[in-house]
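Survey of secondary and tertiary structure
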Amino acid sequence: MNQSEEKIVRTTCASHCGGTCVFRVHVKDGAITRIESDDSPEPQLRACARGRAYRQRVYDPDRIVHPLRRVGERGEGKFERISWNEAFDTVAAKLKWAKEAGGPASRVLASSSGDINEVHVGMRLFHKLLALDGGYTKCWGVMSYQGGIASVNATFGTWRTTNTRDDFLNSRLIILWGWNPANTICGTNTTWYLARAREKGAKIIAIDPKLTDTGVLADEWIPIYPGTDSAMLIAMAYVMLNENLQDQKFLDKYTVGFEHFRDYVLGKEDGIAKTPAWAEKITGVPAATITRLAREYATVKPGALLAGVAPGRTAYGEQYHRAASTLAAMTGNVGVSGGNAAGRAWESGSWYPYKMPYGLSLRPEDGTNPVLGEERTAGFMAIYLPSGVHMSNVADFILRGKSGGYNADPKLLMVVNHNYLNQQSNVNLMVKALKKIDFSVMVEQVMTATAKFADIILPTATFLERNDIVFGVGTPFYGSVNKAIEPQGECKTHIEIVRELAKRLGITNYGNDTEEAIIKEFAAAGTEITNYEDFKREGILKINPGKTYVPFQKQIEDPEHNPFQTVSGKIEIYSQTWADMKNPLIPPVAQYIETWESRNDPLIKKYPLQCISTHFKRRTHGQFEKVPWLRELVAQELLINSADAKPRNIKSGDKVKVFNDRGTIVIPAKVTDTIVPGVIDVPQGAWYNPDKNGIDRGGCANVLTSERISPQGAFPYNTCLVQVEKFQEEN
Ligand SMILES: Nc1nc2c(c(=O)[nH]1)N[C@H]1C(S)=C(S)[C@@H](COP(=O)(O)OP(=O)(O)OC[C@H]3O[C@@H](n4cnc5c(=O)[nH]c(N)nc54)[C@H](O)[C@@H]3O)O[C@H]1N2
Ligand SMILES: Nc1nc2c(c(=O)[nH]1)N[C@H]1C(S)=C(S)[C@@H](COP(=O)(O)OP(=O)(O)OC[C@H]3O[C@@H](n4cnc5c(=O)[nH]c(N)nc54)[C@H](O)[C@@H]3O)O[C@H]1N2
Ligand SMILES: [Mo]
């Protein structure tokens, strides 16, 4: 082909929002000129604003394109260019040193998704490297929805609970409980199917502390105080019981322990009947609204309660998820087309039963990590790891080590696919830890807040510069990630990086597979991809198009032959496993447990506002932060109700400081009546950028959040009390 001719490469987005949408990348002379989206027959898999702006991310002037070594202080962001050879030699030498000086467990791997749903870019390759080299400390906990995972495993014995999105068209009632897919995508076409369901006559109700872009689609917005959702759900159960609206036949046939829940709801145990009036005081939702919604959900069938994961990112968030699933069972909406098990509305990872023999999971040849004891994993992520360290506790682990009861004194931190400092709670604590650790290596694309603390940065490719396979969430399909351009500068792919490190560590059994060979092997291992070449050319393979998938349908239609995967074989409204833990904060049936930093906490006098930190339209967490087109789309602002702004003399556009004992940020305010009074929203993901006084000028929500974890490991980002004041710049 003539060099200067433009070609179009079909590929699939892999950004962290879980929308794996189709890209048509225009390439001329080896450079991307523009990005378009799907032009195939409906239903198309069309990209959002972030996807379409990806070109500016690839060509971001701050892109890291050479290996770097830190020359300034940690956090200062001063680096010098070094050769790959020197970078690899240094990292390998430090890995060996840490293993000898502190044992394998002193090497900590902190990894998130980065890009998402890819077959071989996740954490797997680095796990394999460190496992074959004698082991490492693996962190556990899924930031997105650890509470939801704990809950659905206890209730249904699996973590796949959600109907395909096209099944919205069969619902008569759709309840968006703390869910905003118009911004968060959560699977390509989610909002498209919601809009079509509404056109078809489904009633949509949104329950959320703020009116969202998806809420605009709804017939009704019910504002609620954060962290109180289980109280509202439990009061809805009260109404159903009181008016005998529950589907008792369903409960008798498919569930265990409902009577314990009923006793709790009616107050037989604690003398408190969980009435709508009781819940109104906690949630701020009028009792009449709770009663009306309970009647509606119990009678308008089928109804889909879509339990978003943000209400689960609160203290005791597990209880909210358990309560939602209990209600889905009470209304007989589990395993039914148009219904929903109300597990987690957003399930990344391989929740659709694709024929993927290993997908994102670790394989035997990936080696076992000798540092681990008992391990339960969901794909590549550890969901519960008694001998590991919870993601939220890594700073504490680094700062206190053995003296804090941990099994090692950390010496080396490896960060892959993760803007660690920015995305974990309590940034100021993490800053201390990042200053203390002996050595840190980070594999990154851009100079994030975290990367500034690295000793060595290994630059890596974006998904437009490499090959992979992704799969759809919500709409089942495989997408071929096809390399559109060569990696910028000296960037290398993960597989190239780990192979070089393996060589230097003397690991002889890492394997020599290339990127392409790994993908082909995956495709050939029994997946639906029968013709790899066709798949790669077409870029997308839809699975069973037009056929909805309803989890638990078999269990409901033919329970004799299809028990649930729980201990009892039924839906566990009462979990014996949780009862056996004998922890009042992990009750066997769903309960309302008041969060710390709630509206009743004495701390409210000092810090009177509840701070939530939502996922932002123009970013995926910290990603895309510097993309100019997206910055034009919407500004990083604090949402504050006019009732809270007025007494503070705050007007839209004013700079305000948001603070608590953990830290202070400065951010412009946007005064609005679309958020509940007493609640503010700091969109999460903005990059931490401290001034000389340690005040964050970037507007990073996690300067404010607490590293404390919920009893089942949920990350309570949305449980956080703060004060807001007008900010005066020092002269
Ligand atoms: N306050 C608050 N904090 C939150 C949340 C919240 O709601 N509130 N949400 C939490 C949730 S749900 C999540 S999932 C986390 C997300 O936390 P992270 O996963 O840390 O967030 P991302 O910004 O997606 O960071 C991924 C990083 O990986 C880099 N990256 C992208 N692709 C690649 C690649 O191929 N290789 C490598 N090596 N790096 C790559 C990106 O440049 C980016 O810096 O944040 C959590 N933090
Ligand atoms: N654009 C964009 N898309 C994304 C991401 C992103 O960062 N940006 N992140 C991706 C990832 S990793 C994840 S995990 C998903 C999930 O993303 P979600 O967790 O679903 O997104 P959020 O915006 O945090 O929350 C959804 C809604 O819940 C509300 N909410 C917060 N706290 C509460 C509460 O206590 N009760 C109730 N009822 N509602 C509450 C918020 O106001 C918000 O409107 O999104 C994915 N998609
Ligand atoms: Mo997430």
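Residues numbered from 1 in each chain as written. Chains lettered and ligands numbered in written order. Predicted model: local features only at pLDDT ≥ 70, side-chain atom pairs only at ≥ 80, totals over all residues. Heavy atoms only, no water.

**Focus: the packing of aromatic side chains**
Scanning all chains against the criterion turns up 23 aromatic pairs. Ring centres of Phe156 and Phe552 lie 4.9 Å apart, and the angle between their planes is 25°; this geometry places the pair in the stacked category. Within this pair, whereas Phe156 is found in helix α5 (residues 146-156), its partner Phe552 is found in the loop between β21 (540-542) and α20 (553-557), the two being separated by 396 residues in sequence. Judged by relative accessible area, Phe156 falls into the buried class, the value being 1%. (Phe/Tyr/Trp six-rings, centres within 6.5 Å; stacked < 30°, edge-to-face > 60°. Helix = DSSP H or I, 4+ residues; strand = E, 2+ residues; numbered from the N terminus. Buried < 20%, exposed > 50% of the residue type's maximum accessible area, 1.4 Å probe, protein only.)

**Observations concerning the site of ligand 1**
Of all residues adjacent to ligand 1, which total 33 residues, the nearest are Ser112, His418, Glu444, Arg466 and Gln623. A distance of 2.8 Å separates a nitrogen atom of ligand 1 from a polar side-chain atom of His494. In this structure, His615 approaches ligand 1 through a side-chain N or O atom, which is 2.9 Å from an oxygen atom. If ligand 1 stood free it would expose 920 Å²; the protein chains cover 98% of that surface. Of the residues contributing to the shell around ligand 1, the split by class is 8 nonpolar, 20 polar and 5 charged. Here the shell around ligand 1 spans two domains, since at least three of its residues come from each of domain 2 (68-143 + 362-462 + 487-513) and domain 4 (602-726). (Near = heavy atom within 4 Å. Polar contact = N/O pair within 3.5 Å; in protein donor to acceptor, adjacent residues only side chain to side chain. Areas by Shrake-Rupley, 256 points an atom, 1.4 Å probe, with all protein chains shown as cover. Nonpolar A, V, L, I, M, F, W, Y, C, P; charged D, E, K, R; others polar. Domains from an automatic or database assignment.)

**Quick look at the sheet that holds β21**
One open sheet accounts for 3 strands, arranged β19-β20-β21; its pairing is antiparallel. The open sheet has two edge strands, β19 (468-471) and β21, and neither has a second partner. On average, each strand axis in the sheet is tilted by 15° relative to the strand beside it, whichever way the strands run. Bridge count for β19 against strand β20 (residues 477-481) is 4 bridges, and the pairing is antiparallel. When the sheet's bridge partners are listed, Val470 is paired in β20 with Gly479. (Pairing = 2+ DSSP bridges. Axes fitted to C-alpha atoms, helices over the stretch in contact; angles between N-to-C directions.)

**Quick word on the domain arrangement of the protein chain**
Segmentation of the protein chain into domains returns domain 1 (7-58), domain 2 (68-143 + 362-462 + 487-513), domain 3 (147-345 + 554-579) and domain 4 (602-726). Note on domain 2 versus domain 4: buried area summed over both sides is about 1,800 Å², and carbon and sulfur give 50% of it. Across the contact surface, domain 2 and domain 4 share 16 residue pairs in polar contact (both at pLDDT 80 or more). Element by element, the count of residues in the side of domain 2 that touches domain 4 is highest for helix α16 (residues 427-436), at 4 residues. Across the side of domain 2 that touches domain 4, the residue classes break down as 11 nonpolar, 13 polar and 1 charged. (Buried area = accessible area lost by both parts, 1.4 Å probe.)

**Considerations on the layout of surface pockets**
By volume, the largest pocket amounts to about 460 Å³. Along the walls of the largest pocket sit 19 residues, with Pro353, Tyr549, Val550, Pro551 and Phe552 positioned nearest its centre. At 3 residues, α20 tops the list of elements feeding residues into the lining of the largest pocket. Looking at the lining of the largest pocket residue by residue, the classes come out as 9 nonpolar, 7 polar and 3 charged. (1 Å grid on protein atoms, 1.4 Å probe; cavity = no way out; pocket = protein on both sides within 12 Å on 5 of 7 lines; lining within 4 Å. Points joined across faces, edges and corners; volume = space filled by probe spheres on them.)

**Things to note about the sheet that holds strand β1 (residues 7-12)**
With antiparallel pairing, the 3 strands of this open sheet are ordered in space as β1-β2-β3. Whereas interior strands pair on both sides, the edge strands pair on one side only; in this sheet they are β1 and β3 (31-36). The average angle at which neighbouring strand axes cross in this sheet is 30°, direction not considered.

**What to know about the side chain of Gln423**
Inspection of the secondary structure puts Gln423 in helix α15 (residues 420-423). Ignoring any residue separated from it by four or fewer positions in sequence, one finds Gln423 in contact with Met143, His418, His621, Gly622, Gln684, Gly685, Asn702 and Tyr717. (Contact = heavy atoms within 4.5 Å.)

**Quick look at the pairing of strand β6 (residues 107-111)**
Counting buried residues along β6, 5 of its 5 residues qualify, which places the element largely inside the surrounding structure. Residues Arg107, Leu109 and Ser111 line one face of β6 and the alternating positions Val108 and Ala110 line the opposite face, and both faces are buried. Looking at chain direction, β6 and strand β16 (residues 412-416) are connected through 5 bridges and run parallel. Within the sheet, the bridge partner assigned to Ser111 lies in β16 and is Val416. In this sheet, strand β7 (residues 137-140) lies alongside β6 in parallel orientation, the contact comprising 2 bridges.

**Here's the deal with the site of ligand 2**
Around ligand 2 there are 36 residues in total, and Thr184, Asp208, Asp229, Arg313 and His621 lie nearest to it. In this structure, Gly227 approaches ligand 2 through a main-chain N or O atom, which is 2.9 Å from an oxygen atom. Taking His615, its side chain carries an N or O atom lying 2.9 Å from a nitrogen atom of ligand 2. Burial of ligand 2 by the protein amounts to 99% of the accessible area it has alone, namely 900 Å².

**Re the packing of helix α8 (residues 229-242) against helix α12 (residues 287-299)**
In a packed pair of helices, the relevant descriptors are the angle between the two axes and the axis-to-axis distance. Where α8 meets α12, the closest approach of the two axes is 9 Å, and the angle between their N-to-C directions is 65°. In this view, α8 runs roughly perpendicular relative to α12, as classed from their interaxial angle. With respect to the hand of their crossing, α8 and α12 are arranged in right-handed fashion. The segment α8 lies against α12, with Met232, Ala235, Met236, Val239 and Met240 engaging Ile290, Thr291, Leu293, Ala294, Arg295, Tyr297 and Ala298. A breakdown of the residues in the contact of α8 with α12 according to their chemical character gives 10 nonpolar, 1 polar and 1 charged. (Parallel < 35°, antiparallel > 145°, perpendicular 65-115°, else oblique. Left-handed = near helix turned anticlockwise from the far one by under 90°.)

**Side note on the side chain of Asn419**
Here Asn419 lies in the loop between β16 and α15. Ignoring sequence-local partners within four residues, the contact set of Asn419 consists of Thr448, Ala449, Thr450, Gly622 and Trp687.

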